[in-house]
Amino acid sequence: MIDKLLDAPLEVGGSTPMLLLVLVALEAVLSADNAVALASISQGLADDKLRRQALNIGLILAYILRMTLILAATWVVRYWQFQVLGAAYLLWLVFQYFTSSKGEDGEHHGPKFTSVWQAIPTIAITDLAFSLDSVATAIAVSTDTWLVISGATIGIIILRFMAGLFIKWLDEYTHLEDAGYITVGLVGIKLLVKAAFPDLEIPEALVVITIGAIFAWGFSQRKDTPVKLPDAGE
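Predicted model only: the values in this text are computed from it and were never measured. (Residues numbered from 1 in each chain as written. Predicted model: local features only at pLDDT ≥ 70, side-chain atom pairs only at ≥ 80, totals over all residues. Heavy atoms only, no water.)

Student: Break down the packing of aromatic side chains for me, with residues and values.
Tutor: Inspection of the entire model under this criterion finds eight aromatic pairs. Ring plane angle 85° and centroid distance 4.8 Å describe the contact between Tyr-97 and Phe-98, whose orientation is recorded as edge-to-face. Owing to a relative accessible area of 2%, Tyr-97 belongs among the buried residues under this scheme. Take Phe-98: its relative accessible area is 32%, and that puts it in the partly exposed class. (Phe/Tyr/Trp six-rings, centres within 6.5 Å; stacked < 30°, edge-to-face > 60°. Buried < 20%, exposed > 50% of the residue type's maximum accessible area, 1.4 Å probe, protein only.)

Put into structure tokens, the structure is as follows:
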């Protein structure tokens with residue numbers, strides 16, 4: 001399905017509305033792992049209101065960085081060093097997570113932040129690292145910069161909505177945070193493979209199926225919700 005979408009310019013005959021629809025669909029499909037990663041990072045803030053505030057401001061900054069990346073995409077894709085830097089950053093996040101001490105619930109947890117402004121740069125840079133992959137996919141679909149920007153704009157709105165859902169789900173499912181960081185690691189490995197073997201085509205359908213299987217495991221077990229006992233006077 002994804003591989004057919006990548007061939008869309010040949011099939012839709014350059015139809016602008018259809019191309020925009022394809023770009024938005026790609027953004028939505030490729031944003032699931034990004035969304036759970038950003039939601040997991042925001043979990044480092046203790047208060048739910050602060051988490052949402054960090055996501056809102058962080059994604060505004062991420063949007064600016066993503067637009068800059070799109071405008072410089074034809075230059076950036078020529079240098080494998082950008083992909084290596086993005087991969088190193090994502091794999092560093094994964095290493096930090098899985099080597100962290102387990103909490104009282106017996107699970108690993110991401111970095112802790114004492115303020116919104118500590119979380120915002122991490123959210124923005126993480127989205128930028130993910131964007132190295134999604135922007136390359138977008139410009140393969142269309143060389144019209146304004147179309148790619150339009151698709152990315154809608155995509156960042158979808159990403160914010162999805163991240164908001166994952167914030168809620170991370171409190172409900174035992175393995176979801178682990179699954180999120182595993183997919184972050186997969187994206188990092190994918191960037192490294194692309195940098196080392198630029199002519200190697202990794203089927204997007206295979207990537208989506210693999211991430212889908214990891215998410216299925218992530219949603220496979222709900223956390224035990226403690227039963228609230230009535231007060232003595234009730």
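Student: Now, about helix α7 (residues 80–98): what can you tell me, with residues and values included?
Tutor: Here α7 contains 19 residues, and its C-alpha end-to-end distance of 27 Å stays within 8% of the 27 Å for a straight helix at 1.5 Å per residue. Among the residues making up α7, those that are buried are Gln-83, Gly-86, Ala-87, Tyr-89, Leu-90, Leu-93, Val-94 and Tyr-97. Viewed along the axis of α7, the buried residues span an arc of 160°, placing them on a single side of the element. Residues of α7 that are exposed and point more than 90 degrees away from the buried face comprise Leu-85 and Phe-95. (Helix = DSSP H or I, 4+ residues; strand = E, 2+ residues; numbered from the N terminus. Expected span 1.5 Å × (residues − 1). Arc of directions from axis to C-beta.)

Student: Kindly report on the pattern of salt bridges, identifying the contributing residues and their values.
Tutor: Within the structure shown, the criterion is met by five salt bridges. Of the charged contacts, one joins Asp-48 and Arg-52 as a salt bridge, the two residues approaching to 3.1 Å between their closest N and O atoms. In this pair, Asp-48 and Arg-52 are both assigned in helix α5 (residues 48–71), four residues apart and thus about one turn of the helix distant. The partly exposed category is assigned to Asp-48, whose relative accessible area is 35%. The exposure class of Arg-52 is partly exposed, given its relative accessible area of 29%. For Asp-127, the salt bridge is made with Arg-66, and the minimal N-O distance between the two is 2.6 Å. (Salt bridge = Lys/Arg side-chain N within 4 Å of Asp/Glu carboxyl O.)

Student: Provide a residue-level description of the packing of α5 against helix α9 (residues 145–170), including the pertinent values.
Tutor: The description of two packed helices rests on the angle between their axes and on the distance between the axes. Direction vectors running N to C along α5 and α9 enclose 160°, while the axes themselves pass 10 Å from each other. As judged from the angle between their axes, α5 and α9 are roughly antiparallel. Crossing of α5 against α9: the hand is right-handed. Here α5 contributes Asp-48, Arg-51, Arg-52, Leu-55, Asn-56, Leu-59, Tyr-63, Arg-66, Met-67, Ile-70 and Leu-71 to the contact with α9, which in turn contributes Thr-145, Val-148, Ile-149, Ala-152, Thr-153, Ile-156, Leu-159, Arg-160, Ala-163, Gly-164 and Ile-167. Partitioning the contact of α5 with α9 into residue classes produces 13 nonpolar, four polar and five charged. (Axes fitted to C-alpha atoms, helices over the stretch in contact; angles between N-to-C directions. Parallel < 35°, antiparallel > 145°, perpendicular 65-115°, else oblique. Left-handed = near helix turned anticlockwise from the far one by under 90°. Contact = heavy atoms within 4.5 Å. Nonpolar A, V, L, I, M, F, W, Y, C, P; charged D, E, K, R; others polar.)

Student: Break down the nonpolar core for me, with residues and values.
Tutor: A general feature of soluble globular proteins is that nonpolar side chains tend to end up buried together. Ranked by size, the top nonpolar core spans 53 residues in total, and within it Leu-90 and Phe-166 carry the most contacts. Contributions of two or more residues to this core are made by α4 (32–42), α5, α6 (73–76), α7, α8 (116–141), α9, α10 (176–196) and α11 (204–218). If we ignore the near neighbours within four places in the chain, the residues touching Phe-166 are Ala-32, Ala-35, Val-36, Ala-39, Leu-176 and Phe-219. (Core = buried A, V, L, I, M, F, W, Y, C linked by side-chain atoms within 4.5 Å.)

Student: An account of the environment of Phe-166 is needed here, citing residue identities and associated values.
Tutor: As for its position among the elements, Phe-166 is in helix α9. The buried category is assigned to Phe-166, whose relative accessible area is 5%. Sequence separation of Phe-166 and Gly-180 is 14 residues, and the distance between their C-alpha atoms is 9.8 Å.

Student: So what's going on with a nonpolar patch on the surface? Which residues, and what values?
Tutor: A cluster of nonpolar side chains, Phe-98, Ile-182, Leu-186, Ile-189 and Trp-217, forms an exposed patch at the surface whose accessible area comes to about 400 Å². Along the chain, Trp-217 falls in helix α11. (Patch = residues over 30% accessible without salt bridge, like charges linked within 9 Å, V, L, I, M, F, W, Y side chains within 5 Å. Areas by Shrake-Rupley, 256 points an atom, 1.4 Å probe, with all protein chains shown as cover.)

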